[in-house]
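# Structural overview
For reference, the chains in residue letters:
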Amino acid sequence: MILEDQRQAVVERAPDLAALTPGRTGNLSVRDGRDGDAFAVTPTGVPYDGFDAEDVPIVGTDGEQLDGEMAPSSEVPMHSAIYRREDVGAIVHTHSPWATTLAVARETLPPIHYMIVAVGKRVPVAEYAPYGTDALAENIVTAMDDADATASLVENHGLVVTAPDLATALENTHHVESLARLYLQSRAAGLEPATLSEEQLETVVEKFESYGQ
């Protein structure tokens, strides 16, 4: 069974995805390292606890399904495009409520807290395109590249987070969701959230790098 470890990781971490996104609306994928030419991805249309490792689809970075008993996520074009263009090992896509609230408002998440540097100095918003299309994938990659970020909101859709590995991608998805909640709760209370300066953010980046993060 090809990419056995990656398939097992998809099965084991699917419950984490379920905790972040309603219904069956999210997806995640992982490949072998940051330059593999194939990845394991959640199947489409099944409960997150309704598949085994051999069911997990394996898809090439060209978008072609190579193995697996089930059909892959409808967002394969997004995953494959990111893997072709970005030096990442895993991708998580959710419709988590607080991040998606920003997405439907088409608002960038600013640097209101130092933990934002886990994904960049802000979380940009990618232009809307129909789900499962090459256009959507291109918009997400462009937004992340322009912002020098590893995450992006997607207009009227949700959140995409990339990372070297699946555990980090899921952890950073939680970070973005938490920061989106803090930001929106502050505004709902009639407060204007303060943002960190470029100098303050650079200090945090340096500290993270010294810790090996």
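Only a predicted model underlies this, so the values are computations on that prediction, with no experimental measurement involved.

## Looking at the UniProt feature "domain: Class II aldolase/adducin N-terminal" (unreviewed entry) in the protein chain
UniProt's feature table lists "domain: Class II aldolase/adducin N-terminal" (unreviewed entry) at residues 8-184, given in the numbering used throughout. The span residues 8-184 carries 37% helix and 18% strand; its end-to-end C-alpha distance comes to 36 Å.

## Some points on the pairing of strand 7 (residues 151-154)
The alternating pattern of strand 7 places Ala 151 and Leu 153 and Ser 152 and Val 154 on opposite faces, both of which are buried. Bridge count for strand 6 (residues 125-126) against strand 7 is two bridges, and the pairing is parallel. Looking at the pairing, Val 125 lines up with Leu 153 of strand 7. On the question of chirality, the crossover connecting strand 6 to the parallel strand 7 by way of helix 4 (residues 134-147) is right-handed. Relative to strand 8 (residues 158-163), strand 7 is paired through four bridges, and the arrangement is antiparallel. By the bridge assignment, Ala 151 is partnered in strand 8 with Val 161. Hairpin connection between strand 7 and strand 8: a loop of three residues separates the two successive antiparallel strands, and Asn 156 in this loop has a positive phi of roughly 55°.

## Details of helix 6 (residues 198-210)
Note on helix geometry: an α-helix contains 3.6 residues per turn, so any two residues three or four positions apart are oriented the same way. Over its 13 residues, helix 6 extends 18 Å from the first C-alpha to the last, a length consistent with the 18 Å expected when each residue adds 1.5 Å. Three or more residues of helix 6 are buried, namely Leu 201, Val 204 and Phe 208. Down the axis of helix 6, the smallest arc covering the buried residues is 60°, so these residues share one side. Relative to its buried face, helix 6 has exposed residues pointing more than 90 degrees away, namely Glu 199, Glu 206, Glu 209 and Ser 210.

## As for the packing of helix 2 (residues 76-85) against helix 4
Remark: helix 2 packs on helix 4, axes separated minimally by 8 Å, with the N-to-C direction vectors making an angle of 40°. Taken together, the axes of helix 2 and helix 4 are oblique relative to one another. With respect to the hand of their crossing, helix 2 and helix 4 are arranged in right-handed fashion. Residues Pro 77, Met 78, Ala 81, Ile 82 and Arg 85 of helix 2 pack against Asp 134, Ala 137, Glu 138, Ile 140, Val 141, Met 144 and Asp 145 of helix 4. Class assignment for the residues of the contact of helix 2 with helix 4 results in eight nonpolar, no polar and four charged.

## Describing the nonpolar core
Counting 23 residues, the largest nonpolar core has Leu 102, Leu 109, Ile 116, Val 123 and Leu 153 as the members making the most contacts within it. For this core, the elements supplying multiple residues, two or more each, are helix 3 (97-105), strand 7, strand 8, helix 5 (166-188) and helix 6. At five residues, the largest contribution of residues to this core is made by helix 5. In contact with Val 123, other than residues within four places in its own chain, are Thr 108, Leu 109, Ile 116, Ala 151, Ser 152, Leu 153 and Val 176.

## Focus: the sheet that holds strand 7
A sheet is described by the order of its strands in space; here eight strands give the open sequence 4-3-2-1-5-8-7-6, paired in mixed fashion. Across the chains shown, the open sheet's two edge strands, defined by having one partner strand only, are strand 4 (65-67) and strand 6. One ladder, built from two bridges, connects strand 3 (residues 58-60) with strand 4; its direction is antiparallel. Paired with Ile 58 across the bridge in strand 4 is Asp 67. Against the sheet, helix 2 touches strand 1 (27-31), strand 2 (38-41), strand 3, strand 5 (90-94) and strand 8, its axis set at about 35° to strand 1.

Conventions and cut-offs
- Residues numbered from 1 in each chain as written.
- Predicted model: local features only at pLDDT ≥ 70, side-chain atom pairs only at ≥ 80, totals over all residues.
- Heavy atoms only, no water.
- UniProt positions renumbered as here; feature names shortened; annotations may be inferred.
- Helix = DSSP H or I, 4+ residues; strand = E, 2+ residues; numbered from the N terminus.
- Buried < 20%, exposed > 50% of the residue type's maximum accessible area, 1.4 Å probe, protein only.
- Pairing = 2+ DSSP bridges.
- Right-handed = clockwise from strand over helix to strand, strands pointing away.
- Expected span 1.5 Å × (residues − 1).
- Arc of directions from axis to C-beta.
- Axes fitted to C-alpha atoms, helices over the stretch in contact; angles between N-to-C directions.
- Parallel < 35°, antiparallel > 145°, perpendicular 65-115°, else oblique.
- Left-handed = near helix turned anticlockwise from the far one by under 90°.
- Contact = heavy atoms within 4.5 Å.
- Nonpolar A, V, L, I, M, F, W, Y, C, P; charged D, E, K, R; others polar.
- Core = buried A, V, L, I, M, F, W, Y, C linked by side-chain atoms within 4.5 Å.

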